[in-house]
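# Chain and residue survey
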Amino acid sequence: MSTPPCLAGDRPFATSGIISAFGGSNGDAAQISAIRATSHEGCDRVVVDLLTVDGAPASSLGPVGVEYDESAGIVRINLPRTVTNTAVADSLFDGVLAERAFVVRTVAGHLAVDIHVVAGSSVALRAFEVNAPARVVVDLVADDEATPVTGATAGEGVVVITPTPGPATTPLVVSGYARTFEAHVEARLHDTSQGEPVAEDTTTATDWTEAWGEFTITLPDAPARSLELFVGSESPRDGSPLGVWMTVDLTSTEPVEPPEA
């Protein structure tokens, strides 16, 4: 039996942090044409295909960096700054380890591809380039010694990376990416999902028409108790909330003043 391509060769696998950096100082890749995944016994391979500004297959890459957040289970491919357009916003995979990919417009304005690992999995990975045509390849393999993935929380038009359901601290930092109407994103804390907000704020994500847009909202006055967090926006049709609900158990990081003697 032949070795699966995602296990072949002598490129090393890593379990966290900066995985790889490659590409030249210049390249002709300007847009993402597809994100595809293939599952093999013991490993998954994810490939990002790239085109030139004229729509032809790209022949070379500019600088690319790949890093892995092992707790959230997100592989981020930071594409060259010349890659500004995409024909795909996200892809759902039928893999054992790779669950989904999102094309994200970063705060810096360039595009990145986030590969989400299946929650509960423990993986090692490697990343490299293939030229003519230009592609980014990420291989994932199960690794029982790696940190099990917590996973992000996804809802309609919203992916919340922080916080995750359960324990959290104040001030509460809410981050992720969204494709909500006009890029409007709000975060609200409620005692119950039907109650009035006890803390709330809004922001504008970095994209919503072509790619997913990054956002961060900080709720500095969140009370330290168990609360329902909503992240998303209201439907432009009927005003119903679209996004993510989760329960967070907040504790304060503010120092406690000792009682007076």
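In this report, the structure presented in the accompanying data block is examined. Residue numbers restart at each chain and count upward from 1, following the sequence in its written direction. For this predicted model, a pLDDT threshold of at least 70 governs which residues receive local features, and a threshold of 80 or more governs which side-chain atom pairs are given and counted, while totals over whole chains, interfaces and linings are taken from all residues. To get the side-chain values, take all heavy atoms of the structure and skip hydrogens and water.

## Some points on the state of the cysteines
To keep it simple, the criterion reads: Sulfur atoms of two cysteines make up a disulfide when they are within 2.5 Å. Helix and strand definitions follow DSSP, with helices as H or I runs of at least four residues and strands as E runs of at least two, each counted in order from the N terminus. Relative accessible area decides the class of each residue, using a 1.4 Å probe on protein chains only: under 20% of the type maximum gives buried, over 50% gives exposed, and in between gives partly exposed.
Tallying each qualifying case throughout the model produces 1 disulfide. Bridging Cys6 to Cys43, the disulfide has an S-S length of 1.9 Å. Here the S-S torsion is close to 60 degrees, and the disulfide linking Cys6 with Cys43 is therefore right-handed. Placement of the pair is Cys6 in the segment before β1 (17-22) and Cys43 in strand β3 (residues 43-51), with a sequence separation of 37 residues. As far as burial versus exposure is concerned, Cys6 and Cys43 are alike and both buried.

## Focus: the layout of surface pockets
Inclusion rule: A cavity here means a set of 1 Å grid points, computed over protein atoms only, where a 1.4 Å probe fits but cannot escape. A pocket is an open set with protein on both sides within 12 Å along at least 5 of 7 lines, and lining residues have an atom within 4 Å of a point. Grid points are joined across faces, edges and corners, and a volume is the space filled by probe spheres set on the points. For this scheme, ten residues count as nonpolar: Ala, Val, Leu, Ile, Met, Phe, Trp, Tyr, Cys and Pro. Four count as charged, namely Asp, Glu, Lys and Arg, and the remainder, Gly too, count as polar.
Considering only enclosed or pocket space, the largest pocket measures out at about 210 Å³ in volume. Lining the largest pocket are 14 residues, with Arg76, Asp114, Ile161, Tyr177 and Glu214 positioned closest to its centre. Mapped onto the lining of the largest pocket, the elements with two or more residues apiece are β4 (64-69), β5 (74-78), β15 (172-178) and β18 (212-219). In the lining of the largest pocket, the residues fall into 6 nonpolar, 3 polar and 5 charged.

## Side note on the sheet that holds strand β17 (residues 197-204)
Note the following rule: Being paired, for any two strands, means DSSP has found at least two bridges between them. Between N-to-C directions, angles span 0 to 180 degrees; the directions come from axes that are lines fitted to C-alpha atoms, helices contributing only their stretch in contact.
Strand order in this open sheet of 5 strands is β14-β20-β19-β16-β17, and the pairing throughout is mixed. One side of each edge strand has no neighbouring strand; the edge strands of this open sheet are β14 (166-170) and β17. In this sheet, neighbouring strand axes are inclined to one another by 35 degrees on average, regardless of whether the strands run parallel or antiparallel. The pairing of β14 with strand β20 (residues 241-252) spans 5 bridges and is parallel. Looking at the pairing, Thr170 lines up with Ser252 of β20.

## Here we look at the packing of aromatic side chains
Here is the rule: Here a Phe, Tyr or Trp ring, Trp counted by its six-membered ring, pairs with any other such ring whose centre lies within 6.5 Å, and the pair is stacked when the planes are under 30 degrees apart, edge-to-face when over 60, and tilted otherwise.
Considering all chains together, one arrives at 5 aromatic pairs under this definition. An angle of 85 degrees between the planes, with centres 5.0 Å apart, marks the rings of Phe102 and Trp212 as edge-to-face. Here Phe102, found in strand β8 (residues 98-105), pairs with Trp212, found in strand β18; they are 110 residues apart in sequence, far enough to count as distant. Here Phe102 matches Trp212 in class, with each residue buried. When the centroid spacing of 5.6 Å and the interplanar angle of 75 degrees are considered together, the rings of Phe181 and Trp208 count as edge-to-face. Here Phe181, found in the loop between β15 and β16 (184-190), pairs with Trp208, found in the loop between β17 and β18; they are 27 residues apart in sequence, far enough to count as distant. Three or more aromatic residues joined by ring pairs make a cluster, and in this case those are Phe102, Tyr177 and Trp212.

## Things to note about the pattern of salt bridges
Quick reminder of the rule: Take a side-chain nitrogen of Lys or Arg and a carboxyl oxygen of Asp or Glu: if they are within 4 Å of each other, that pair is a salt bridge.
What the rule picks out here adds up to 10 salt bridges. Put simply, Arg36 and Asp49 hold a salt bridge, and the shortest N to O gap is 2.7 Å. One end of the pair, Arg36, is in strand β2 (residues 31-40); the other, Asp49, is in strand β3, with 13 residues separating them in the sequence. One salt bridge connects Asp139 with Arg45, and the closest N-O pair in it is separated by 2.7 Å. Of this pair, Asp139 sits in strand β11 (residues 135-142) while Arg45 is found in strand β3, placing the two residues 94 residues apart along the sequence. Just as Asp139 is buried, Arg45 falls in that class too. Counted as one network, the salt bridges with shared partners bring together Arg45, Arg126 and Asp139.

## Some thoughts on the environment of Arg135
In plain terms, the rule: Residue contacts are counted whenever heavy atoms from the two residues lie within 4.5 Å of one another. In protein, a polar contact means a hydrogen-donor-capable atom and an acceptor-capable atom, both N or O and within 3.5 Å, with residues adjacent in sequence counting only if both atoms are side-chain atoms; elsewhere, any N or O pair within 3.5 Å suffices.
Here Arg135 shows up in strand β11. The class for Arg135 is partly exposed, based on a relative accessible area of 25%. Sequence-distant contacts of Arg135, that is, excluding residues within four places in its chain, are made with Arg36, Val47, Val48, Asp49, Leu61, Phe128, Glu129 and Val130. Among the polar contacts made by the side chain of Arg135, one reaches the main-chain carbonyl oxygen of Pro133 at a distance of 3.4 Å.

## What about the side chain of Arg188?
Tracing the chain through its elements places Arg188 in strand β16. Owing to a relative accessible area of 11%, Arg188 belongs among the buried residues under this scheme. A polar contact is formed between the side chain of Arg188 and the side chain of Glu186, at a distance of 2.4 Å. Within the structure, the side chain of Arg188 is placed 3.1 Å from the side chain of His190, a separation counted as a polar contact.

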